[in-house]
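# Chains, contacts and geometry: an overview
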Amino acid sequence: MGLIRLVPVDQVAVSELEAYRAAFPRGQMQATPDGEHIPGLDHIEDFEDVRKWVRHTAEFRGRISWYAGICEADGRMAGALCLRHSLSEDDEDGDFASHIGYSVRPDLEGRGIGREQLRLGLRAAAALGLDTVRIICRDVNTASRRVILACGGVYLDTIHGEESGMNVCRYLVPTGGG
């Protein structure tokens, strides 16, 4: 049995989603230009009521899938993963688009949860028929880079965002579905 299992967010208790969101210091996220954004739970920060965000995710069914990484040991939410079925579902600038975005609850980092979560996300991408996915992360996010590489990621390049001022590393990752 693995560390976690991926569960669609609409099957997760609202209290777990709220606790996960609360675990991230507001305004201090370093993964994106918006310090409020929690990767893997795209735009949850825009909703005061988590239930409304869950209903909002249903509008993207068939194009984007959101998952909670649930700990096998204690049943609490340890991570979040967003799987975009196409790069066109992400950033307006296709150069910065990523099939998968993810995060790990800050107090559980360094326990292999990110790697297991991405491995499961790659399996879900393969089930959609994707042979490879593109994943991006900030150049200063060494933990995410290690996770991507551990899951078979191949470094493509580093690009600079003029608007954000951030350097972003891009990787191609085989899903194992080919």
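In this convention, every chain numbers its residues from 1, walking through the sequence in written order. Only residues with pLDDT of 70 or above have their local features reported here, since the model is predicted, and side-chain atom pairs are shown and tallied only from 80 upward, although totals for entire chains, interfaces and linings are computed over all residues. No hydrogens and no water enter the side-chain calculation; it runs on all heavy atoms of the structure.

This part is about the overall build of the protein. Scanning the protein for helices and strands turns up four helices and seven strands. Runs of E in the DSSP output that reach at least two residues are strands. Runs of H or I that reach at least four are helices, and both are numbered from the N terminus. Ordering the α and β elements of the protein from the N terminus gives β-α-α-β-β-β-α-β-α-β-β. The quantity called the radius of gyration is restricted to C-alpha atoms. Its globule counterpart is 2.2 Å times the number of residues to the power 0.38. Against the 2.2 N^0.38 benchmark of 16 Å for 178 residues, the protein shows a C-alpha radius of gyration of 15 Å, consistent with a compact globule. With respect to the principal axes defined by its C-alpha atoms, the protein has extents near 40 × 35 × 35 Å. Within the span of the protein, comprising 178 residues, buried residues form 47% of the whole. In what follows, a contact means two residues having at least one pair of non-hydrogen atoms within 4.5 Å. Across the protein, contacts joining residues at least 24 apart in sequence account for 60% of those joining residues at least 6 apart. For the area figures, the Shrake-Rupley method with a 1.4 Å probe applies, and any residue is considered shielded solely by the protein chains shown. Counting only carbon and sulfur atoms, one obtains 48% of the accessible surface of the protein, whose full area is about 9100 Å². Accessibility here uses a 1.4 Å probe with only protein chains present; expressed as a share of the type maximum, an area under 20% marks a residue as buried, one over 50% as exposed, and anything in between as partly exposed.

For helix H4 (residues 142-150), every residue scored as buried is listed here: Ser144, Val147 and Ile148. Projected down its long axis, H4 carries its buried residues within an arc of 95°, all on one side. Buried residues along H4 sit against strand S4 (100-104), helix H3 (113-127), strand S5 (132-138) and strand S7 (167-174). Where H4 ends, the next residue or the one after it, Gly152, has phi of about 95°, a positive value. As used here, the arc belongs to the directions running from the helix axis to the C-beta atoms.

So, on to the sheet that holds strand S2 (residues 64-71). Spatial strand order, S1-S2-S3-S4: four strands in an open sheet with antiparallel pairing. Two strands lie at the open edges of the sheet, namely strand S1 (4-8) and S4, each paired on one side alone. Averaged over neighbouring strand pairs, the angle between their axes works out to 20° when direction is ignored. Should DSSP find at least two bridges between two strands, the strands are taken to pair. Orientation is described by axes fitted as lines to C-alpha atoms, over the contacting stretch for helices, and by angles from 0 to 180 degrees between their N-to-C directions.

Basic side-chain nitrogens of Lys or Arg form a salt bridge, by our definition, when they fall within 4 Å of a carboxyl oxygen of Asp or Glu. Applying the stated criterion to the full structure yields twelve salt bridges. The partner of Glu89 in a salt bridge is Arg63, and the shortest N-O contact between them spans 3.3 Å. Residue Glu89 is located in the loop between strand S3 (77-84) and S4, and its partner Arg63 is located in the loop between helix H2 (50-58) and S2; the two are separated by 26 residues in the primary sequence. Assessed through its relative accessible area of 36%, Arg63 is described here as partly exposed. Measuring nitrogen to oxygen at the nearest pair gives 3.9 Å for the salt bridge that ties Arg170 to Asp95. With Arg170 in strand S7 and Asp95 in the loop between S3 and S4, this residue pair connects regions lying 75 residues apart in the sequence. With relative accessibility at 11%, the residue Arg170 sits in the buried group.

A word on the environment of Leu172. Tracing the chain through its elements places Leu172 in strand S7. Given a relative accessible area of 34%, Leu172 falls into the partly exposed group. Taking the C-alpha atoms as reference points, Leu172 and Leu128, 44 residues apart in sequence, are found 17 Å from one another. Not counting chain neighbours up to four residues away, the residues in contact with Leu172 comprise Val133, Arg134, Gly152, Gly153, Val154 and Leu156.

Worth remembering: the numbers are spatial, not functional.
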